[in-house]
Structures are given as C-alpha cells and as structure tokens.
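Report on the structure
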Amino acid sequence: ISGFGTKAMVIGYDHRFGKNREGGIDYLLQHAERFKIEIEEISRQEIDNITISSTKIRRAITEGNIKESTMYLGHYYNIMGKVVKGDSLGEKIGFPTANIQVSVKDKLIPNEGIYAVYVWIDDQRFGGMLYIGNRPTIGDKLQTTVEVNIFDFSGSLYNETLVVEFVDFIRS
C-alpha cells in the first residue's frame, strides 16, 4: 500500500487476492483505518439476470462476441494505437488500410476476423471495417496485424493516433 501511495481502493464484491486468495472486501474493510485508505465496494451487477464479471467481459472480447461485450460494458470496447507503415497492399487494390500499432502492450485484442468499427480521428467519427489476423492469403507465418479501412476518408494518417470502437463481429 505504501509503495503505491494508495489512498483509496475500489474492489468488486467477489474479488479475492493474496495467498490462497484469502483476502477480499471484508479484510480490506476491517483494516481500512490501519492502512489509512478508503474502500469502496462495487456490488454485484446484472443485466437480464446475468451477473456481469470482468471474466465474462474478457471472454466476450477475445471470442469476438462484440455485442455481448458492449452490453456488459455499457459502451463499445476500443483500442487505441498509432498508424504505422504497412505493405500498402490495400491501397493497391483500392481499399487502403491504416495499420494500427496498439499503444498498450497488454491490451486485450479481439479474436481474428473482420469487424464493423467506428474510428475516431481527432474529434471526428468515421465508420470502418477492421481486420485482425495474419493475412494467410499473402504468405505463411506472417505477424498478426490490426488494419482498418476507414469509410469516406482520404489522406495520410501515418504517425496519427486513432481510437477504434468495436461495433460488431462480421466474419472469421
């Protein structure tokens, strides 16, 4: 607690921590005064009698169940990243894509496939389609890429930071 300078903690009603997962909200509340921290508990949250949990949200995102993750989160799941140089293959066939290098190393990326998305460029929102995968039609063992084709947009976005909101899973 002192290492982080913790003043307050927000913890889910069922969160467990420590050796053998023995710690929880009760432990923190009992020791809040000693630790000189404020404790806030997030109570059980439900939608249509389904308990929402971070595990269910992560599973929905990684499996490409975008509408389910949106329902649980209350907003579109998003990623943010810088536009980096790609192979320019999309441009050559009339569908230029922005190759996104995701800003946060451990950011949860949805399953491979094609997605309907919104793309924020500065304060303007555009529709788009996004591909996550390793481009098997181009070659073997290629690195997984995140590429977005932005509808009704032209211009260079290299080194720009984009926010992409996942709206729906289209196909594998």
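Please read all numbers here as calculations on a predicted model, not as lab measurements.

1. Examining the pairing of strand S2 (residues 38-42)
- In this structure, strand S1 (residues 8-12) lies alongside S2, joined through five bridges in parallel fashion. Of the residues in S2, the one forming a bridge with Met9 is Ile39.

2. Focus on the packing of aromatic side chains
- For the structure on display, the rule yields seven aromatic pairs.
- Relative to Tyr27, the ring of Phe17 lies with its centre 6.3 Å away and its plane at 70 degrees, an arrangement referred to as edge-to-face. Highlighted residues: Phe17 in the loop between S1 and helix H1 (25-35) and Tyr27 in helix H1, separated in sequence by ten residues.
- Here Phe17 falls in the partly exposed class, since its relative accessible area comes to 28%.
- The interplanar angle of 70 degrees and the centroid separation of 5.2 Å between the aromatic rings of Tyr115 and Phe169 together place this pair among those described as edge-to-face. Residue Tyr115 is found in strand S7 (residues 113-121), and its partner Phe169 is found in strand S10 (residues 161-171); the two are separated by 54 residues along the sequence.
- Each residue in the set Tyr77, Tyr115, Phe166 and Phe169 is aromatic and connected to the rest through ring pairs, giving one cluster.
- Positioned over the ring face of Tyr118 is Arg125, at 3.6 Å from the centre of the ring.

3. Things to note about helix H2 (residues 54-62)
- Buried within H2 are the following residues: Ile57, Ala60 and Ile61. In a view along the axis of H2, the buried residues occupy a sector of 95 degrees, so they form one face of it.
- At the C-terminal side of H2, Gly64 shows a positive phi close to 80 degrees.

4. Focus: unusual backbone geometry
- The phi torsion at Asp48 lies on the positive side, around 50 degrees, for a residue other than glycine.
- Following the sequence through the fold, Asp48 ends up in the loop between strand S3 (46-47) and strand S4 (50-51).
- Asp48 sits in the exposed class, given a relative accessible area of 65%.

5. Some points on the pattern of salt bridges
- Inspection of every chain in the model, using the stated rule, returns three salt bridges.
- One salt bridge in this structure joins Glu46 and Arg44, with 3.1 Å as the shortest N-O distance.
- Ionic pairing is found between Lys67 and Asp168, a salt bridge with its closest N-O pair at 3.6 Å. Of this pair, Lys67 sits in helix H3 (residues 66-73) while Asp168 sits in strand S10, placing them 101 residues apart in sequence.
- Judged by relative accessible area, Lys67 falls into the exposed class, the value being 56%.

6. Overview of H1
- What H1 keeps buried is the set Ile25, Leu28, His31 and Ala32. Buried positions in H1, seen along its axis, are confined to an arc of 155 degrees and lie on one side of it. Exposed residues pointing more than 90 degrees away from the buried face of H1 are listed as Asp26, Gln30, Glu33 and Arg34.
- Summarising the contacts, the buried residues of H1 are in contact with S1 and S2.

7. A few points about the nonpolar core
- Core analysis: the largest hydrophobic core is formed by 24 residues, its most contacted members being Val117, Val119, Leu130, Val148, Ile150, Leu162 and Phe166.
- Considering every element that reaches this core, the biggest residue donor is S7, with four residues.
- Setting aside residues up to four positions removed in sequence, Val117 forms contacts with Phe126, Gly127, Gly128, Met129, Leu130, Val148, Val164, Glu165, Phe166 and Val167.
- Residues Ile25, Leu28, Ile37 and Ile39 belong to the second largest nonpolar core, which totals six residues.

What counts, and at which threshold
- Residues numbered from 1 in each chain as written.
- Predicted model: local features only at pLDDT ≥ 70, side-chain atom pairs only at ≥ 80, totals over all residues.
- Heavy atoms only, no water.
- Pairing = 2+ DSSP bridges.
- Helix = DSSP H or I, 4+ residues; strand = E, 2+ residues; numbered from the N terminus.
- Phe/Tyr/Trp six-rings, centres within 6.5 Å; stacked < 30°, edge-to-face > 60°.
- Buried < 20%, exposed > 50% of the residue type's maximum accessible area, 1.4 Å probe, protein only.
- Lys NZ or Arg CZ within 6 Å of the ring centre and 35° of its normal.
- Arc of directions from axis to C-beta.
- Salt bridge = Lys/Arg side-chain N within 4 Å of Asp/Glu carboxyl O.
- Contact = heavy atoms within 4.5 Å.
- Core = buried A, V, L, I, M, F, W, Y, C linked by side-chain atoms within 4.5 Å.

Purely spatial values, then, with no claim about function.
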